Structures are given as structure tokens and as C-alpha cells.
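# Chain and residue survey
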Amino acid sequence: MSRFWSDLANKLTPYVPGEQPTGKQLVKLNTNENPYEPSPGVLKAIAATTGDSLRRYPDPDSSQLRAAYAEREGLAAGQVFLGNGSDEVLAHTFQALLKHSRPLLFPDISYSFYPVWCKLYEVPYRTVPLTEDFRVDVDAYAGDNGGILIPNPNAPTGVLLPLEKIERLLANNPDSVVVIDEAYIDFGGTSATTLIGQYDNLLVIQTASKSRSLAGLRVGVAFGSVDLIDGLVRVKDSFNSYPMDVVAQQAALASLADESWFLNGCQQVMDTRERVSERMRAMGFDVLPSAANFIFSRHPAHSAEALFCALRDRGIIVRYFDKPRISEFLRISIGTDEAMNMLLNALEEILN
Ligand SMILES: *Cc1c(COP(=O)(O)O)cnc(C)c1O
């Protein structure tokens, strides 16, 4: 509280990101970063940035990058919106498309930034419980609402909602904007972008942070009907007309140009995820089926807090959430095979 802050600033409960330690000695499995570096083409594009291009403002519409994303998805450039990380794209989405008098719906267990934006932008919302086995029940979203927001795969569970369920959600709610937050879709899911032609109420949001190893660059994208995208542009141009800097635009373009590097990296993460999930199940962990670059698991005989602290003592940081229904789970990002072997060895030691 401060007497200098606005009422709004006084009332906010900001999102708390995972720890970014400055020391190098920790094994960092807490923020779902990609353990592999981006394509060498990305580094080349960054090195090729000229002083002259830095001197000028960037292209406010990120036209080249928009065209590249549009081509990859078989959409028109006017169906693509870019922002400074998908967090920014989501923030604009709350203001442009999800703020109505009827409540926005999202799962009770989902990205913990959603309620923070609701508070910032004064968006009424209601959470809808996941089923006992942590799945989204799309029929529970029928009825009056001012919008629907689902992370797919869900965070922090990693559980994937099949495309036919998303189609059912869209068909059941033709008068609401349905936003699918696909931050982790490249690790084994099928994107809902294929449904955009049929459903003008669908907005799909993706990021280069996880699957493209570009979290440090801040590149996010939304795909949808021209009508939805125009709504986002109105908010963007009332907030910051130049959200994507020149370096980010060129680097993201280079990432999109190297499809095989991208696919190999995702496959490597998925292979490691399956291997680690199997080993942890053999140790007695309950591991939810993950389609993301992290796993969500609990041990029936060990509390998440105790495991979290024991891992931390061994220099390994993971994430746990002190929240109803999931307080006994650890969320573990998939790192290199070397890092994951250290994790598995540490867990074995702790359990014995
Ligand atoms: C990581 C994440 C984001 C934000 O990613 P950016 O780095 O801002 O692009 C959005 N949604 C979910 C569910 C995430 O896990």
C-alpha cells in the first residue's frame, strides 16, 4: 500500500514468476524454458542487426514476421497478431475481447496469470473445475458467459484437450470468444489453428518462448478471424504501437525459417519427457500424461513441499504451487538428459 499509488495499483495482486537465480550452479527446472539453444540462424540474424536499423523505430506491424507466421498456418496476414511475448498478447486479449459484463470462464487449475489480468482490467470471471483426473470438461462451459479461455495443453498439468473437444466448445458457444492458449502445443498436441476458417469466435495464442527457445526475446502471436485480430490491433495501438523490436522481429523470422531445428528440438524434449515420466512412475510417482515440456507429478508417500526442499538442497529447482487440489504436485520442466539424470538420481536418493 502506498498513498501515491492509484486505487487500482493498491488493489493488484501481481503474478509471481518462477525464480531466475543468478548463480550458475543450479539445475533449473522451474520455468519451462527450453534446455536447447535456438537455431544458429537466430544468432546470425541478431548479429546482422545494424546500427542503422536500431536507430529507427521498428516496423509497427511486424509485416515480414506476420507474413511468415500466416504462411506457416495457411492464413492471411490479417489473421495474425504479434506481441512482446504471449503474456502481452494475452493481456491485450483480456482488454479487447474478454472484458464483458458476463463472466469469463477458465479452468480452476490453469495459468495463474489469468486471474491477475482479470483484476488489472476488471474482468468478471468464474473458474470451472477440472474433472477428478484433471481434464477439461467442455460441457461444463455451456451457458451464459463473456468468453472462454483454456490453456492447451493445460498448465501446470500438461494434460492435452483433444481437438474434437475444442470444436465442441466452439460449437456450443458461438456467441463467445474462445481463446486457446497454446504455449506448449508444439510438444505433442495438434493446434486449433486448423479450425479458424470455420469458427470466427476462435483465437489461438502461441509463443516462441518454449518450443523455439526464445523466452529471452519475447515473441508471442495470436491467430484468428480478421474481426478478432482487428480488436487486438485497436488495443495495441492504444498502448504501444511498436511492441516488437527490430532484433526480435528478425530473430523470430530466422527461427521460423529453420523448421528442422525446431522439430528436432521439440522431439528431443518429448523423448526425454517420456523417459523421465517412466522412471518416475517406477519410483512410485503419479505422473499426469503430459503433452508439454514439463511434467506434473506427486508421490503418495512424500509431500511436494518436502520433495521441493530436498531437491533444492541438492541444487535442483522445480516448482510447486501452494494451492487447493494441486498442493501435493511438483511441476518439473524437461531439461537436457544430463540435467534430468541429476534429477532422477536426486529423487532416488531422497526417496530412499
Ligand atoms: C509461458 C506461458 C505463457 C507466456 O509466454 P510468453 O513467454 O509471455 O510468450 C502464456 N501462457 C502459458 C500457459 C504459459 O505457460
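It should be emphasised that the depicted structure is a prediction, and the values quoted were computed from it without experimental measurement.

A separate point is the pairing of strand 8 (residues 220-224). Within a regular strand, the side chains alternate between the two sheet faces. The buried count for strand 8 comes to five of five residues, which makes it a mostly enclosed element. Where burial is concerned, the two faces of strand 8 agree: the one with Gly220, Ala222 and Gly224 and the one with Val221 and Phe223 are both buried. Two strands pair when backbone bridges link them, and strand 2 (residues 80-83) and strand 8 are joined in this way by four bridges, in the antiparallel orientation. The partner of Leu82 across the bridge, within strand 8, is Val221.

The ligand sits among 13 residues. The nearest are Ser86, Tyr184, Thr207, Ser209 and Lys210. With respect to the ligand, the side chain of Tyr184 contributes an N or O atom lying 2.6 Å from an oxygen atom. The side chain of Arg218 places a nitrogen or oxygen atom 2.7 Å from an oxygen atom of the ligand. In the complex, the protein chains occlude 92% of the 390 Å² of accessible area that the ligand would expose alone. Tallying contributions element by element places helix 5 (residues 86-98) first for the shell around the ligand, with three residues. Of the residues assigned to the shell around the ligand, the class counts are five nonpolar, four polar and four charged.

How large an interface is tends to be reported as the accessible area lost when its parts come together. In terms of domains, the protein is made up of domain 1 (7-37 + 260-351) and domain 2 (49-258). Relative to domain 2, the C-alpha centre of domain 1 lies at a distance of 24 Å. Contact residues are listed per partner, giving 31 residues for domain 1 and 32 residues for domain 2. Both faces considered, domain 1 and domain 2 share a buried interface measuring about 2700 Å² in area, 62% of it formed by carbon and sulfur atoms.

Applying the stated criterion to the full structure yields 16 aromatic pairs. Taking 6.4 Å as the distance between ring centres and 40 degrees as the angle between the ring planes, the aromatic pair formed by Phe94 and Tyr114 counts as tilted. With a gap of 20 residues between them, Phe94 in helix 5 and Tyr114 in helix 6 (residues 114-121) connect regions that are remote in the sequence. Each member of the pair, Phe94 as well as Tyr114, is classed as buried. Between Phe113 and Trp117, the aromatic rings sit 4.0 Å apart at their centres with planes inclined by 10 degrees, giving stacked as the arrangement.

Here we come to unusual backbone geometry. The bulk of non-glycine residues show a negative phi, and the bulk of peptide bonds are trans. The omega torsion across Asn152 and Pro153 is -5 degrees, close enough to zero to call that bond cis. By the secondary structure assignment, Pro153 is in the loop between strand 5 (147-151) and helix 7 (163-172). Cis peptide bonds are those with omega within 30 degrees of zero, and the linkage from Ala155 to Pro156 qualifies with 5 degrees. Along the chain, the position of Pro156 falls in the loop between strand 5 and helix 7. Even without glycine at this site, Asn32 takes up a positive phi of about 60 degrees. Within the secondary structure layout, Asn32 lies in the loop between strand 1 (27-28) and helix 2 (40-47). Judged by its relative accessible area of 1%, Asn32 is buried. Its identity is not glycine, yet Phe134 carries a phi of approximately 65 degrees, on the positive side. Tracing the backbone through its elements, the reader meets Phe134 in the loop between strand 4 (125-128) and strand 5. The class for Phe134 is buried, based on a relative accessible area of 6%.

According to UniProt, the feature "domain: Aminotransferase class I/classII large" (unreviewed entry) maps to residues 25-347 in the numbering used here. Within the segment residues 25-347, helix and strand shares are 38% and 15% respectively, and the terminal C-alpha atoms sit 18 Å apart.

Another aspect to go through is a nonpolar patch on the surface. On the surface, a nonpolar cluster with roughly 190 Å² of combined accessible area is contributed by Leu8, Leu12 and Leu120. Positionally, Leu8 belongs in helix 1 (residues 7-11). Judged by its relative accessible area of 31%, Leu8 falls in the partly exposed class.

Let us now look at the packing of helix 4 (residues 63-73) against helix 9 (residues 246-257). Where helix 4 contacts helix 9, the axes come no closer than 9 Å and their chain directions differ by 25 degrees. Between helix 4 and helix 9, the interaxial angle falls into the category roughly parallel. In this structure, helix 4 crosses over helix 9, and the sense of that crossing is left-handed. Residues Gln64, Leu65, Ala68, Tyr69 and Arg72 of helix 4 touch helix 9, and the partners they reach there are Gln249, Gln250, Ala252, Leu253 and Leu256. Here the contact of helix 4 with helix 9 is composed, by residue class, of six nonpolar, three polar and one charged.

Criteria and cut-off values
Residues numbered from 1 in each chain as written. Predicted model: local features only at pLDDT ≥ 70, side-chain atom pairs only at ≥ 80, totals over all residues. Heavy atoms only, no water. Buried < 20%, exposed > 50% of the residue type's maximum accessible area, 1.4 Å probe, protein only. Helix = DSSP H or I, 4+ residues; strand = E, 2+ residues; numbered from the N terminus. Pairing = 2+ DSSP bridges. Near = heavy atom within 4 Å. Polar contact = N/O pair within 3.5 Å; in protein donor to acceptor, adjacent residues only side chain to side chain. Areas by Shrake-Rupley, 256 points an atom, 1.4 Å probe, with all protein chains shown as cover. Nonpolar A, V, L, I, M, F, W, Y, C, P; charged D, E, K, R; others polar. Domains from an automatic or database assignment. Contact = heavy atoms within 4.5 Å. Buried area = accessible area lost by both parts, 1.4 Å probe. Phe/Tyr/Trp six-rings, centres within 6.5 Å; stacked < 30°, edge-to-face > 60°. UniProt positions renumbered as here; feature names shortened; annotations may be inferred. Patch = residues over 30% accessible without salt bridge, like charges linked within 9 Å, V, L, I, M, F, W, Y side chains within 5 Å. Salt bridge = Lys/Arg side-chain N within 4 Å of Asp/Glu carboxyl O. Axes fitted to C-alpha atoms, helices over the stretch in contact; angles between N-to-C directions. Parallel < 35°, antiparallel > 145°, perpendicular 65-115°, else oblique. Left-handed = near helix turned anticlockwise from the far one by under 90°.

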